[in-house]
Amino acid sequence: MSGFQDIIGQNQIKQHLQNAIENHKVSHAYIIQGERFSGKEFIARIFARTLQCEKKEKEPCETCHSCLQALSDNHPDIIYVQHEKPASIGVEEIREQVANDIDIKPYSSDYKIYIIQEAEKMTVAAQNALLKTLEEPPAYAVIILLATSVETLLPTIQSRCVTLSMQPVPTEELKSYLMKEMQIPDYQADICVAFARGNLGRAKMLAASDEFNNIRREALSLLHNIKKMTMPEIMQRVKNVESYKLQVEDFLDVLSVWYRDVLLFKATNDVNHLIFRDEIQHITAASDNSAYEGIETILDALETAKVRLKANVKFELVMELLFITIQDN
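A few points on the structure. (Residues numbered from 1 in each chain as written. Predicted model: local features only at pLDDT ≥ 70, side-chain atom pairs only at ≥ 80, totals over all residues. Heavy atoms only, no water.)

Scanning the protein chain from N- to C-terminus turns up 15 helices and 5 strands. Dimensions of the protein chain, computed from C-alpha atoms along their principal axes, come out at roughly 70 × 40 × 30 Å. Across the 329 residues of the protein chain, 48% fall into the buried class. For the protein chain, the share of sequence-separated contacts (at least 6 apart) that also reach a separation of at least 24 residues comes to 70%. Taken as a whole, the protein chain presents about 16,600 Å² of accessible surface, with 49% of it coming from carbon and sulfur. The centroid of the 35 positive side-chain charges in the protein chain is displaced by 1 Å from the centroid of its 47 negative side-chain charges. (Helix = DSSP H or I, 4+ residues; strand = E, 2+ residues; numbered from the N terminus. Buried < 20%, exposed > 50% of the residue type's maximum accessible area, 1.4 Å probe, protein only. Contact = heavy atoms within 4.5 Å. Areas by Shrake-Rupley, 256 points an atom, 1.4 Å probe, with all protein chains shown as cover. Lys, Arg positive; Asp, Glu negative; His and termini not counted. Charge placed at Lys NZ, Arg CZ, Asp CG, Glu CD.)

Moving on: the pattern of salt bridges. According to the stated counting rule, one finds 18 salt bridges in the structure shown. The salt bridge involving D73 is made with R45; its shortest N-O contact spans 2.7 Å. Here R45 lies in helix 2 (residues 40-52) and D73 lies in the loop between helix 3 (65-71) and strand 2 (78-80), a separation of 28 residues in the sequence. Notably, a salt bridge pairs D110 with K56, separated by 2.8 Å at the nearest N-O pair. (Salt bridge = Lys/Arg side-chain N within 4 Å of Asp/Glu carboxyl O.)

Of the residues making up helix 4 (residues 91-99), those classed as buried are E93, I94 and V98. End-on, the buried residues of helix 4 take up no more than an arc of 95°, which puts them together on one face. (Arc of directions from axis to C-beta.)

For the rest of this paragraph, the subject is helix 15 (residues 315-328). With 14 residues, helix 15 extends 20 Å from end C-alpha to end C-alpha; this agrees with the ideal 20 Å at 1.5 Å per step. Of the residues making up helix 15, those classed as buried are F315, V318, M319, L322, F323 and I326. Projected down its long axis, helix 15 carries its buried residues within an arc of 115°, all on one side. (Expected span 1.5 Å × (residues − 1).)

In this model, the largest pocket occupies a volume close to 550 Å³. Taken together, 26 residues make up the lining of the largest pocket; nearest its centre are F37, S38, G39, K40 and E41. Looking at the lining of the largest pocket, the elements that each hand over two or more residues are helix 2, strand 4 (141-147) and helix 9 (200-207). Among the elements that line the lining of the largest pocket, the one with the most residues is helix 2, at 4 residues. (1 Å grid on protein atoms, 1.4 Å probe; cavity = no way out; pocket = protein on both sides within 12 Å on 5 of 7 lines; lining within 4 Å. Points joined across faces, edges and corners; volume = space filled by probe spheres on them.)

What follows concerns the packing of aromatic side chains. Counted under the stated rule, the structure contains 3 aromatic pairs. With 5.1 Å between their ring centres and 90° between their planes, W258 and Y259 make a pair best called edge-to-face. The burial state of W258 is the same as that of Y259; both residues are buried. It is K266 that lies over the ring of Y292; its NZ or CZ is 5.5 Å from the centre. (Phe/Tyr/Trp six-rings, centres within 6.5 Å; stacked < 30°, edge-to-face > 60°. Lys NZ or Arg CZ within 6 Å of the ring centre and 35° of its normal.)

Take unusual backbone geometry next. In the Ramachandran plot, F37 falls in the positive-phi region, its phi being about 70° despite a non-glycine side chain. Looking at where F37 falls in the secondary structure, it is placed in the loop between strand 1 (29-33) and helix 2. For F37, a relative accessible area of 38% corresponds to the partly exposed category. Notably, Q183 is not glycine yet its phi reads approximately 55°, a positive angle. Secondary-structure assignment places Q183 in the loop between helix 7 (171-181) and helix 8 (186-196). Looking at Q183, the relative accessible area reads 63%, which means it is exposed.

What follows concerns the state of the cysteines. Covalent bonding between the sulfur atoms of two cysteines defines a disulfide. Counted according to the given criterion, the structure contains 0 disulfides. Cysteine C61 shares no disulfide, and the gap to the nearest cysteine sulfur, in C53, comes to 3.6 Å. For C61, a relative accessible area of 22% gives the class partly exposed. (Disulfide = S-S within 2.5 Å.)

As a further point, take the side chain of S290. Structurally, the position occupied by S290 is in the loop between helix 13 (280-289) and helix 14 (292-310). What makes S290 buried here is its relative accessible area of 13%. A distance of 3.0 Å separates a polar atom in the side chain of S290 from the backbone oxygen of A286. Among residues more than four places away in sequence, those in contact with S290 are K266, I295 and N329. (Polar contact = N/O pair within 3.5 Å; in protein donor to acceptor, adjacent residues only side chain to side chain.)

Let us look at a nonpolar patch on the surface. A contiguous nonpolar surface patch, about 220 Å² in accessible area, is contributed by V313, L317 and L321. Among the secondary structure elements, L317 is positioned in helix 15. (Patch = residues over 30% accessible without salt bridge, like charges linked within 9 Å, V, L, I, M, F, W, Y side chains within 5 Å.)

Moving on to the sheet that holds strand 4. Strand order in the open sheet formed by 5 strands is 2-3-4-1-5, with parallel pairing between adjacent strands. Both outer strands of the open sheet, strand 2 and strand 5 (162-165), are each paired with one neighbouring strand and no more. Between one strand axis and the next, the sheet turns through 20° on average, direction left out of account. Lying on the sheet, helix 4 is in contact with strand 2, strand 3 (112-116) and strand 4; it crosses strand 3 at an angle near 160°. (Pairing = 2+ DSSP bridges. Axes fitted to C-alpha atoms, helices over the stretch in contact; angles between N-to-C directions.)

Now the structure itself:
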């Protein structure tokens, strides 16, 4: 069970939605945009439950018949739009589940709420079908689009919706949540927060992930020995990373954070602000043996590698160029 008080961060979104409920100014359409795992669906579900709650307050009571239906995903007036193809939401799915359904009045509530997850996957035809509904929606209709980016939606869709943007959760809030709710130690929380970049869902996944711990160990082991390894040996180690479930980007993130620690320690000689504090022996050695410019060159190369991988440049080529740069600096 959860309500607005359980949303970590996102104070602007919470305030906007609760004010809309309290002042009876709920919009007929919302876009909640934010990266994957940032908590968009969590917020949408709480908003929908609160709107349908029989107590009519700023938080869902979690005990009335409506709340219990919503919590079990069996509320007849909260509709989650489904799509068969993983890569797209087609026009027929929007017509059948939204456009042709929305004129049927709510079964038992004041509102009829449609939640479209991964709205960025709607085809242009699907968006145009939804647009007709957004132009003249029934008074009881609330449509919530959850998207990784508002830019993926037609300007005409955007103009008819209230857009709410997820913000990175402050570091201390993330760390406090992980330590309190997931019972992880201070040091592990610091590492998860550093890699989550303000994304609560990602922080939780990392905290619970054996694969991430494996990738971290693999990356650090490579960093300890990289100067004395041949390129074929390095490439063999890098290929091991592909066997883990998390993305190769997680591996590159470990390298980036480690080299940022090296740069920070070289500048301050202070261990207290390092993420990999238990790596101080290796970080000190790397700091002593590298110039500022060399460390910055490596950090730039890591970011370039991420861009190249997203552009589908051949994996082996990207990694070889990256590690040549690391060995040379």
